[in-house]
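# Understanding the architecture of this molecule
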Amino acid sequence: MQQTKKRKQLKISSWITKWGTLVTILLLLLVFTFGNWNSDTGSSIFLTTTNVITVLRSISITTIIAIGLTYALAVDGMDLSIGACAQWASTFIMTMFIWYDLNMWIAIVLTIIVCLTVAAVNSLLIILFKIPDMIASLSVMFIFQGVALTYSRGGAITERMVRPDGTQAPGLVSEQFRALGGEPWLIIIMLCVVAIAMFILGYTKHGRYMYAVGGNKEAAKLSGIPVEKYKILAYFLSATFAAIGGISLAARIGTAQVQAGDAFLMPSVSAAFIGFSVLGAGKANAFGTLMGAVLMGVLQNGLIMLGVPFYMMNIVIGTVLAIALALTYVARK
Amino acid sequence: MDKLKLEMKNIEVEFPGVKALDGVDFSLTSGTIHALVGANGAGKSTLMKVLAGANGHYTGDVYIGGEPVETRSPKLSKNLGIEIVYQEVDTALIPHLSVAENVMFNSMVNHMGKKQLVNWGAIKKSAQAVLDRLNVDVDINALARELTLHKKQMVLIARCVAERCRFLILDEPTAPLSNTETQDLFRVVRDLAKEGIGIVFISHRLNELYEICEHITIMKDGKLVDSMPLTKELEVNTIVEYMLGRKYDGIYTKKDCEIGAPLLEVENLTEKEGRVKNIDFYVRKGEIVGVAGLVGAGKTELCKTLFGCYSHTGRMKLNGKEVRLGNPQQAVKSGFALVPEERRKEGVLVTDPVYANISIAAMKKYTNKVSIINRKKEKIEACQMIKDLGIKTPSENQTVALLSGGNQQKVVVGKWLNSEADVYIYDEPTKGIDVGAKQDMYELIEKLAAEGKGAIYATCEFQEVLSICDRIYVMYDGKIVKEFAYGEVSEKELLYYSTGGKSIDATNEKEETA
Ligand SMILES: Nc1ncnc2c1ncn2[C@@H]1O[C@H](COP(=O)(O)OP(=O)(O)OP(=O)(O)O)[C@@H](O)[C@H]1O
Ligand SMILES: [Mg+2]
């Protein structure tokens, strides 16, 4: 008797560990669907195509940046400079268009290359100077927040602005570029980024090596894996996707606002960490990161629809996150 | 002193997918030393964790002196006077605290009451008193991380007996020790038993049990096989047959295999910090070369230097071509494989499944041109390795952390056996592995040799090098001091040379029982 009960408890708890996050998302969907029920039409204003697209669009940039972080977390690293890198990217690309009137594709490639300096500095500090990743990337964050601000002379980059040398900026932001920041392109970019990450981490040798480095550095080294190379690779991927996120941000708002990119740091970190628990993976993974971002996005969107005032929003978001994570981790041994 | 009896009745423990204990009875009397044996994964550690409060979800009953007790948490067990030294010594010590603090850790944690200040003088005095009682020589001001494994173990035992301890569990304490250290441990354990502490002693070295244990309990597949007094009449082979449930004659006959051209030639290898000096040796194709020596003789250092972990001078030729190994990655590329000694730390990815561990050093086999993994092939070959080595796991997808100690060891060995290297370096490959599985492992090692690979087999278990190595080098103080061919040397002589040709008497008694 007692035994079968125990066994059942064991099963339930391992089930919750596995599905906790996804169940939370489902519950939220239900709550928001019926919380926003319109009795006249007999349908919910929450579960409409437009709103689903709104949610997807709103989480796109977070997800793209968080996927970059997922690589860093896979090698048991940490990259707090992603927000600053995104900001640097959005500032830089805007000046390419507005100050220098550059072709879109050239500007994009150039921006990504320039943003890899962030990864280079990170690698230098973390791998060569052996500074713990958290603080190393924190200092890199400060450096590049400063770089972005200094480069734009502390202001926003907008069309027809006056350039630092006093002349009026010649360039415009093309419609083609703006389209990248709207649906369907932004959502497609996000899904591609997630799919590629799922593929690399889950199905290639390189992903396996990254997880091995993250799981046990010493064992990975003795297995013949070039540990440092993979760590550096992870930071470069992290910066690359942060840059893509920043570029998408620029495309979406059509300007580069001061500190707009920095704001993505915390949501991205949350999304990637929530991802650990999805399907009981126990480590950073691309699908989990996407689900983490979805959880945050749904929450934010639903709460706005329910009319929760903005000043209370973070209380609710934080609480739901804590509950979702508690569900996952409490049953774990 | 009254004899106190600890009894466990009908204990069951279940983990997802594994029934680890199935109606086990066990009893232990104070003042006696009780051996607990069984193949890897038989459930020894799990049973002892029940006593220590680490498997709180057990069903069944525990009695002490006839009174029912609950050992649902480590705290409850500690209050009952049950202490355990786990298989993984390093996990229990706090590396950057001093020996004194580590010894007195429990009382610092549990008996401070409302006191907020630590009385360092008193702590040091009590720690010294405990160590004196055990008659072990460790500097109480040294940091735990600076100690040798043997000393670390002593510190942990001291921690256990610093509290009121009535029952002490030692989970494979001798696995990493050499003979002299084992003798030292035995002395301490005997003294503790004389004080009236009941001791459970888990070990895969069955021979040594006769020296100190009065009683033996044998487990197999989560069940009790038998429990009886341990006397000379009870033969090792009989115990093994109980453990494995099949016939066992204890004799391993080395297969003859053809020895070919020189494969690895090492000249004047010296490690930068002098941990190994002026090493000259060679390995031929199909040859298993033993490196025998006591703990601390430099075997591990030699293995790691060969593998490029430490910077070194000297020349190495592989297949007649000079190789320079600046790091392990180059070593693997050139065709070396190393089964490292500290497997948990250096060998396994504990959070990954078994199959991913087995394939990680041989990814080339499983990937196509664009690095995509063929997971099906990976799993099939992993299953084969699981079968060959007898790794006890519910499936190839099980997380390695959830395997028993010995089975984790097997996974690491399996990982390297699976790689396609030319020279295999084994550093204590059978540490923590049961007798039955040892033979499986020998067979695999010989099979690789028969394919023309070379093997370097470093161990402090002289019996092993004597039974499977074609040639044996003896190491002492970082140097190779002697070379022997198969069948040319006795265990006694090996011991003589591995102690620097001096103290043959000090370790004599161990010899006789072995
Ligand atoms: N936390 C756990 N989750 C799942 N399975 C477990 C867990 N702990 C132990 N097991 C399983 O229980 C069985 C018994 O393991 P145990 O560690 O007691 O073996 P053991 O007799 O100590 O072996 P060894 O000699 O290798 O140390 C093994 O099959 C192991 O895989
Ligand atoms: Mg064990």
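Quick caveat: nothing in here was measured; it's all calculated off a predicted structure.

About the cut-offs
- Residues numbered from 1 in each chain as written.
- Chains lettered and ligands numbered in written order.
- Predicted model: local features only at pLDDT ≥ 70, side-chain atom pairs only at ≥ 80, totals over all residues.
- Helix = DSSP H or I, 4+ residues; strand = E, 2+ residues; numbered from the N terminus.
- Rg over C-alpha atoms; globule rule 2.2 N^0.38 Å.
- Buried ≥ 20, exposed ≤ 12 C-beta atoms within 10 Å, placed from the backbone.
- Contact = placed C-beta atoms within 7 Å.
- Axes fitted to C-alpha atoms, helices over the stretch in contact; angles between N-to-C directions.
- Parallel < 35°, antiparallel > 145°, perpendicular 65-115°, else oblique.
- Left-handed = near helix turned anticlockwise from the far one by under 90°.
- Nonpolar A, V, L, I, M, F, W, Y, C, P; charged D, E, K, R; others polar.
- Near = placed C-beta within 6 Å.
- Domains from an automatic or database assignment.
- Expected span 1.5 Å × (residues − 1).
- Arc of directions from axis to C-beta.
- Pairing = 2+ DSSP bridges.
- Core = buried A, V, L, I, M, F, W, Y, C linked by C-beta atoms within 7 Å.

### Considerations on the overall build of chain A
Helix and strand counts for chain A come out as 13 helices and 2 strands. For 333 residues, the compact-globule formula gives about 20 Å, and the C-alpha radius of gyration of chain A, at 21 Å, lands near that figure. Taken along the three principal axes of its C-alpha coordinates, chain A extends 85 × 65 × 35 Å. The buried share of chain A, reckoned over its 333 residues, is 46%. In chain A, 75% of the contacts between residues at least 6 apart in sequence involve partners at least 24 apart.

### Looking at the packing of helix H3 (residues 82-98) of chain A against helix H5 (residues 133-151) of chain A
Residues and elements named next belong to chain A. One can describe the packing of H3 onto H5 by two numbers: an axis separation of 8 Å at closest approach and a directional angle of 20°. Accordingly, the angle class assigned to the pair H3 and H5 is roughly parallel. Along this stretch, H3 crosses H5, giving a crossing that reads as left-handed. When H3 is examined against H5, the residues Gly83, Ala84, Cys85, Gln87, Trp88 and Thr91 are found in contact with a partner set consisting of Met141, Phe144, Gln145, Val147, Ala148 and Tyr151. For the contact of H3 with H5, the residue count by class is 8 nonpolar, 4 polar and no charged.

### Quick look at the interface of chain B and chain A
At the junction of the two partners, chain B supplies 26 residues and chain A supplies 24 residues. Taken together, the elements giving at least two residues each to the side of chain B that touches chain A come down to helix H12 (328-334) and helix H13 (343-346) of chain B. Looking at the side of chain B that touches chain A, the element that brings in the most residues is H12(B), giving 4 residues. Considered class by class, the residues forming the side of chain B that touches chain A number 14 nonpolar, 7 polar and 5 charged.

### Regarding the site of ligand 1
Residues and elements named next belong to chain B. In the vicinity of ligand 1 there are 18 residues, among which Phe15, Ser45, Thr46, Ser404 and Gly406 approach most closely. Counting only elements with at least two residues in the shell around ligand 1, the list comes to strand S2 (18-29), helix H1 (44-52) and helix H17 (405-417). In the shell around ligand 1, the residues fall into 6 nonpolar, 10 polar and 2 charged. Formed jointly, the shell around ligand 1 draws a minimum of three residues from each of two domains, domain 1 (5-244) and domain 3 (343-420).

### Structural notes on helix H7 (residues 185-203) of chain A
Residues and elements named next belong to chain A. The end-to-end C-alpha separation of H7 is 26 Å, in line with the 27 Å expected for 19 residues at 1.5 Å each. Every buried residue of H7 is accounted for by Leu186, Ile189, Met190, Val193, Val194, Ala197, Ile200 and Leu201. The buried side chains of H7 occupy one side of the element, clustering within an arc of 135° when seen end-on. In this structure, H7 carries Ile188 and Cys192 as exposed residues pointing more than 90 degrees from its buried face. Where H7 is buried, its residues contact helix H2 (49-74), helix H6 (175-180), helix H8 (205-215), helix H10 (227-253) and helix H12 (286-305).

### Examining the pairing of strand S3 (residues 33-38) of chain B
Residue and element names in this part refer to chain B. Summarising burial for S3: 6 of the 6 residues are buried, a large majority. In this structure, S3 lies alongside strand S8 (residues 198-202), joined through 4 bridges in parallel fashion. Along S8, the bridge assignment pairs Leu36 with Ile202. Bridge count between S3 and strand S9 (residues 215-220): 5 bridges; the pairing is parallel. Opposite Gly38, over in S9, you have Met219 as the bridge partner.

### With respect to the domain arrangement of chain B
All names here are of chain B. Per the domain assignment, the segments making up chain B are domain 1 (5-244), domain 2 (257-335 + 421-514) and domain 3 (343-420). Computed over C-alpha atoms only, the centres of domain 1 and domain 3 are separated by 31 Å. Opposite the 9 residues of domain 1 that make contact, domain 3 presents 8 residues. In terms of residue class, the side of domain 1 that touches domain 3 is made up of 2 nonpolar, 5 polar and 2 charged.

### Overview of the pairing of strand S11 (residues 262-271) of chain B
Residues and elements named next belong to chain B. Relative to strand S12 (residues 279-284), S11 runs antiparallel, the two being bridged by 5 bridges. Looking across to S12, one finds that Leu264 is bridged to Val283. The sheet contact formed by S11 and strand S14 (residues 312-318) spans 6 bridges and is antiparallel. The residue bridging Glu271 from the neighbouring strand is His312, located in S14.

### Some words on H12(A)
Residue and element names in this part refer to chain A. The terminal C-alpha atoms of H12 lie 28 Å apart, and with 20 residues this matches the ideal 28 Å at 1.5 Å per residue to within 8%. For H12, the buried fraction is high: 16 of the 20 residues fall into the buried class. Residue Gly307 follows H12 closely and has a positive phi angle near 80°.

### Looking at the nonpolar core
Counting residues in each nonpolar core, the largest one holds 183 residues, and the members touching the most others are A:Cys85 and B:Ile425. Residue contacts for B:Ile425: discarding those within four places in its chain leaves B:Cys303, B:Leu306, B:Phe307, B:Phe336, B:Ala337, B:Leu338, B:Val339 and B:Ile456. With 75 residues, the next largest nonpolar core counts B:Ala20, B:Ala39, B:Val155 and B:Ile157 among its residues.

### Focus: the sheet that holds strand S1 (residues 5-15) of chain B
Residues and elements named next belong to chain B. In spatial order, the strands read S2-S1-S4-S5; together these 4 strands make up an open sheet with antiparallel pairing. For this open sheet the edge positions go to S2 and strand S5 (67-69), each flanked by a neighbour on one side alone. This sheet shows a mean twist of 25° between the axes of neighbouring strands, independent of strand direction. Summarising the sheet, S1 and S2 pair through 8 bridges and their orientation is antiparallel. Within the sheet, the bridge partner assigned to Lys5 lies in S2 and is Thr29. Those strands touched by H1 are S1 and S2, and its axis lies near 65° from that of S2.

### Some details on the environment of B:Ala142
Residue and element names in this part refer to chain B. Inspection of the secondary structure assignment puts Ala142 in the loop between helix H6 (120-134) and helix H7 (149-162). Accessibility expressed as a C-beta count within 10 Å gives 15 for Ala142, which makes it partly exposed. Sequence-distant contacts of Ala142, that is, excluding residues within four places in its chain, are made with Ser98, Val99 and Leu147.

### Describing the environment of B:Gly31
Residues and elements named next belong to chain B. Inspection of the secondary structure puts Gly31 in the loop between S2 and S3. Sequence separation between Gly31 and Leu192 is 161 residues, and the spatial gap between their C-alpha atoms is 7.9 Å. Ignoring any residue separated from it by four or fewer positions in sequence, one finds Gly31 in contact with Lys3, Ala193, Gly196 and Gly198.

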